[in-house]
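The chain contents come next:
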Amino acid sequence: MSESAEDRFETLAVHAGATPDPATGAVVPAIQPSTTFKQDAVGAPRQGFEYARSDNPTRRALEATIAALEGGSHGLAFASGLAATQNLLYLLDPGDRILMTDDAYGGTWRLAQQVMARYGVKTDAVDLRDLDVVDRALRSRPSARMVWIETPTNPLLKVVDIAGVSRLAASAGALTVVDNTFATPFLQRPLDLGADVVLHSATKYLGGHSDVVSGLVVTRSAQIAERLRFTQNAAGAVPSPFDCWLLMRGIRTLAVRMERACAGAARIAEWLTTRADVERVYYPGLPHHPQRDLVERQMRLPGAIVSFQIRGGGQAAHRFAAATRLFTLAESLGAVESLIEVPAAMTHLSVADTRLAVPPDLIRLSVGIEHVDDLVADLAHAFEAA
Ligand code: P1T
């Protein structure tokens, strides 16, 4: 990551929003709920705002904030991570092909396979960790127009070389999109590594408090931004001003939340490797993670999601996930409270029987910011109870 003294991430996260308000001195941005804006003459809106779906002051402030944090020049906010994904897929035409990481959020794969396929866009699952495989897949016909990276992936925490894949994609004329939900711009900045577009389910770490569903996109390309700005308005899947405000509030504490959660996750991952009732632990910070060197090169910290396979199969996983007390059994991730889920039966149910299917005995932990000793004690109790 390249940061100057003026724009260290922690500082930027607090100050990137439009504050203090020049009109009032308020240190918190205002929520502007107005759906429409007065025009002084026909077609002459005062500050470029006409109608809130097209643009509004609160969303504009959020979009500038995320663009600054990702080191991009254009930010766009959507009603959910999948709405953001949908708008990126609108960049494609019938006959185009996407190469997608072979471990990804189930909903992203479902959108590509069950919706976009009907409009003639084909998606192939590829192990994007292997650059030779990527190179071959980019060369095969029809040529790929977009490479869709998640890194670390959901839920197996595979790590993809963003710079390597972006270089190959660019030379083949394909766009590289990075879903940066698991890492956040605090841990990893894909645009600095050559990606064309970064996407977030802002529902997760950026919001950070399990109280807003939203999606964000950032790019340095004026041409891509213009097309996305058009579909953002034309298709209309936009977040409310209140949701935008909640996200700006969440983003201000992103760095401290991530540091704390990552420290807890590292400790929990290590502890799980010592348990006889655990078959395998997935965490990019463990010495045995297959892309350990890449993790150190590409990420500031290895993240706060830990997955593991429990001995005893799918039923043992279900019993374990229902037995924790502090880890709440729920979908989603990335908030202050720790969550636990069984991907094969929950977040990734829609990819059962596909190449993206995940092991039934896999448990995913989203480590929050509680005291780590309490979290470890909770897991220890669940192993006894399950
Ligand atoms: O839920 P939504 O805001 O629409 O975002 C979809 C999405 C996109 N990308 C990644 C990497 C995600 O993890 C998600 C949503 N994931 C969950 C709800 C989950 O529990 O994994």
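Treat the numbers as computed from the prediction; the structure is a model and nothing was measured.

Caption draft 1: Quick peek at the overall build of the chain. In terms of helices and strands, the chain carries 13 helices and 12 strands. Its C-alpha radius of gyration of 21 Å places the chain within 12% of the 21 Å reference for a compact globule of 386 residues. Looking at the chain as a whole, 53% of its 386 residues are labelled buried. Intrachain contacts of the chain at a sequence separation of at least 6 include 72% that bridge at least 24 residues.

Caption draft 2: The arrangement of the pattern of salt bridges in detail. Within the structure shown, the criterion is met by 22 salt bridges. Note that Asp-55 is salt-bridged to Arg-60, the shortest N-O span being 2.7 Å. For Asp-55, a relative accessible area of 16% translates into the label buried. In this structure, Asp-192 engages Arg-220 in a salt bridge whose closest nitrogen and oxygen atoms are separated by 2.6 Å. Placement of the pair is Asp-192 in the loop between helix H7 (184–187) and strand S6 (197–201) and Arg-220 in the loop between strand S7 (215–219) and helix H8 (222–235), with a sequence separation of 28 residues.

Caption draft 3: Inspection of the nonpolar core at higher detail. Core analysis: the largest hydrophobic core is formed by 74 residues, its most contacted members being Ile-268, Leu-272, Val-306, Phe-308, Phe-320 and Leu-365. When residues in this core are grouped by element, the largest group, 10 residues, is from helix H10 (residues 254–273). The residues that make up this core include at least three from each of domain 1 (9–251) and domain 2 (256–385). Formed by 27 residues, the second largest nonpolar core is a distinct cluster that contains Leu-76, Met-100, Ala-112 and Leu-228.

What counts and how
- Residues numbered from 1 in each chain as written.
- Predicted model: local features only at pLDDT ≥ 70, side-chain atom pairs only at ≥ 80, totals over all residues.
- Heavy atoms only, no water.
- Helix = DSSP H or I, 4+ residues; strand = E, 2+ residues; numbered from the N terminus.
- Rg over C-alpha atoms; globule rule 2.2 N^0.38 Å.
- Buried < 20%, exposed > 50% of the residue type's maximum accessible area, 1.4 Å probe, protein only.
- Contact = heavy atoms within 4.5 Å.
- Salt bridge = Lys/Arg side-chain N within 4 Å of Asp/Glu carboxyl O.
- Core = buried A, V, L, I, M, F, W, Y, C linked by side-chain atoms within 4.5 Å.
- Domains from an automatic or database assignment.

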